[in-house]
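Fold and contact review
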Amino acid sequence: MAGVGRRPNIVFIMSDDHAAHAVGAYGSKINETPHIDRIAAGGMRLDNCFCTNSLCAPSRAAILTGTYNHVNGVKTLSTEFDARQVAFPELLQAAGYRTALVGKWHLGHGGVHDPRGFDHWDVVPDQGRYHNPVFIGMDGTQRTVPGYATNVITDLALSWLDGLTGDDPFCLLVHHKAPHRNWEPDAKHLGMFEDDLAVPDTFFDDYSGRATAARQARMRVADHLRIDDLKKILPPGLTRDEEALWKYQQYMKDYLRCVQSVDDNVGRVLDHLDERGLADDTIVVYTSDQGFFLGDHGWYDKRFMYEESLRMPFLIRWPGVIEPGTSHDALAVNVDFAQTFLEAAGVPAPDRMQGRSLLPILRGEHPADWRRSVYYRYWEHDDGIHHVWAHYGVRTHTHKLVYYYADGLGVPGASDRTYTPEWELFDLGADPWELRSVFHDPAYASVRAELTAELARLQDELGDEPYHLQESGER
Ligand code: CA
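Residues numbered from 1 in each chain as written. Predicted model: local features only at pLDDT ≥ 70, side-chain atom pairs only at ≥ 80, totals over all residues. Heavy atoms only, no water.

Along the protein chain, the regular secondary structure elements total 14 helices and 16 strands. Taken over C-alpha atoms, the radius of gyration comes to 22 Å for the protein chain, in line with the 23 Å a tight globule of 475 residues would show. Dimensions of the protein chain, computed from C-alpha atoms along their principal axes, come out at roughly 65 × 55 × 45 Å. The buried share among the 475 residues of the protein chain stands at 60%. (Helix = DSSP H or I, 4+ residues; strand = E, 2+ residues; numbered from the N terminus. Rg over C-alpha atoms; globule rule 2.2 N^0.38 Å. Buried < 20%, exposed > 50% of the residue type's maximum accessible area, 1.4 Å probe, protein only.)

And the structure:
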């Protein structure tokens, strides 16, 4: 079997806010991603890979450290990452891997916030810019690189790869800024998607049947996109529904044009590995830091534990180890990635890591003791822009329980509204779009009891504190 005796190279390509339902290999109805799909064709597609907190910085911290956000400290966009905590790149580096990070870091800059464990890093400040991006190098100096961010990030990543000599394996993290808001495409993709795109069935969702939080969120395509998102003036004389649909087309087409550049550049990386004769010895992953609402429920953005936001695309190729063209429905989380790479490299994972190596899954096995539920927690309560309320929950293969626990939370700068804790329970088989909570339906009493207990078990196992206990200082 390949992979034994020789440690694989790792190329980890992560985009920002690229939802699985805008990936061809996941059955997208609105775009094609032929190059990302090549990874799926040559390897495995994970069909139930989820983030543990649908937000950029928290997901990145979880991926690097193999821990949940209450452990790595990055609960929100305003809680900083201390890069001195153990993360998989430095463990690979210590084991003889050459390591590099190019592109979006988004975990702070300077001192303890700078990337660690990399032979080379070259990152964009915060969100970075789409056009002529600024980069911060390892010596702390900033420079502007002409070009389009997704192309430039790929150029710089491949340039580092080409500079390597010797046979030691490498781990290269290619972190795209795209397709993050405000969705500025490369000029060469501006002509794509002339015809109108299909509109999600839930676009005109009225949020009945769910907790108040869904109605209170301010991330509706119809109401909350800004002029710098839309980049065009609304045509006069449209009805309210026509306006919403016009905005959807503007938003979605620019988003997909940005995705197209990501796909082109994934193709460049794959071609480069082929040309260099490296493909057979290299694990290639394509993922995104979390999902995104593509007009689903009338929204853009993420944050909620609803499926479109929770699900991450995860495609992985490892010739000789992963059977080409396969998929797996095991429940995976972003916290698993670190241990997966470490096991692939033959490096022991520290006890602090809280995930589980996906290698048995990638080999097509179905371990009897694999997890049957995943834990989620969105900490950034009512942030003053998107106004999504803090919540935690559990998802199994068939159901999802969500608790909006916000009662009593102080919210600096936000309204002084009082929050009432609310629950949601979804039957994902009967209601895949999560339109009708059955939490109060007597027919679901036993499911509700099971999932409530499972949520408590997960919090105990992972060391997170249920909100009411946290507040009262018990435990
Ligand atoms: Ca993101």
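Around the calcium ion, the donor atoms from the protein are Asp 16 (OD), Asp 17 (OD), Cys 56 (SG), Asp 289 (OD), Asp 289 (OD), Gln 290 (OE1) and Gln 290 (NE2), and they sit 2.2 to 3.0 Å away. The sequence pattern describing where the donors of the calcium ion fall on their chain is D-D-x38-C-x232-D-Q. Gln 290 carries the same exposure label as Asp 289, and that label is buried. (Donors = N, O, S within 2.8 Å, 3.2 Å for Na, K, Ca; no water.)

Right, let's talk about the sheet that holds strand E15 (residues 399-404) for a bit. Across the sheet, which stays open at both edges, the four strands sit in the order E13-E14-E15-E16 with antiparallel pairing between neighbours. What marks the edges here is a single partner per strand, and that holds for strand E13 (373-378) and strand E16 (422-427). Sheet twist, expressed as the average angle between the axes of neighbouring strands with direction ignored, equals 10°. As defined by bridge partners, E13 adjoins strand E14 (residues 391-396) across six bridges and the pair is classed as antiparallel. Its bridge partner lying in E14, Ser 373 is registered against Thr 396. (Pairing = 2+ DSSP bridges. Axes fitted to C-alpha atoms, helices over the stretch in contact; angles between N-to-C directions.)

Turning our eyes to something else, we now look at the domain arrangement of the protein chain. A common measure of how large an interface is: the accessible area buried when the components associate. If you check the domain split of the protein chain, you get domain 1 (9-186 + 249-362) and domain 2 (374-462). A separation of 27 Å is found between the C-alpha centroids of domain 1 and domain 2. Opposite the 30 residues of domain 1 that make contact, domain 2 presents 28 residues. In this assembly, domain 1 packs against domain 2 so that about 2400 Å² is buried in total across both faces, 61% of it on carbon and sulfur atoms. Of all residues in domain 1, Arg 303, Met 305 and Tyr 306 give up the largest surface area on contact with domain 2, accounting jointly for 31% of the area buried on that side. For the interface between domain 1 and domain 2, the tally reads four salt bridges. The partner of Arg 303 in a salt bridge is Glu 380, with the nearest N and O atoms 3.1 Å apart. Viewed at the interface, domain 2 and domain 1 are joined by 18 residue pairs in polar contact (both at pLDDT 80 or more). Elements supplying a minimum of two residues to the side of domain 1 that touches domain 2: helix H3 (69-72) and helix H10 (307-310). Here the side of domain 1 that touches domain 2 gets three residues from one element, more than from any other, and that element is H10. (Domains from an automatic or database assignment. Contact = heavy atoms within 4.5 Å. Buried area = accessible area lost by both parts, 1.4 Å probe. Salt bridge = Lys/Arg side-chain N within 4 Å of Asp/Glu carboxyl O. Polar contact = N/O pair within 3.5 Å; in protein donor to acceptor, adjacent residues only side chain to side chain.)

Here we come to the pattern of salt bridges. Between side chains of opposite charge, a pair can form when the charged atoms approach closely. A full pass over the atoms with the stated rule returns 33 salt bridges. For Arg 84, the salt bridge goes to Asp 82, with nearest N and O atoms at 2.7 Å. Classification of Arg 84 by relative accessible area gives exposed; the value is 53%. Bridged by salt links that share partners, the residues Glu 307, Arg 311, Arg 395, Lys 400 and Glu 434 form one connected network.

Summarising burial for helix H11 (residues 337-344): seven of the eight residues are buried, a large majority. By the burial criterion, the buried members of H11 are Phe 337, Ala 338, Gln 339, Thr 340, Phe 341, Leu 342 and Ala 344. Trailing H11 by a residue or two, Gly 346 shows a phi angle of about 75°, which is positive.

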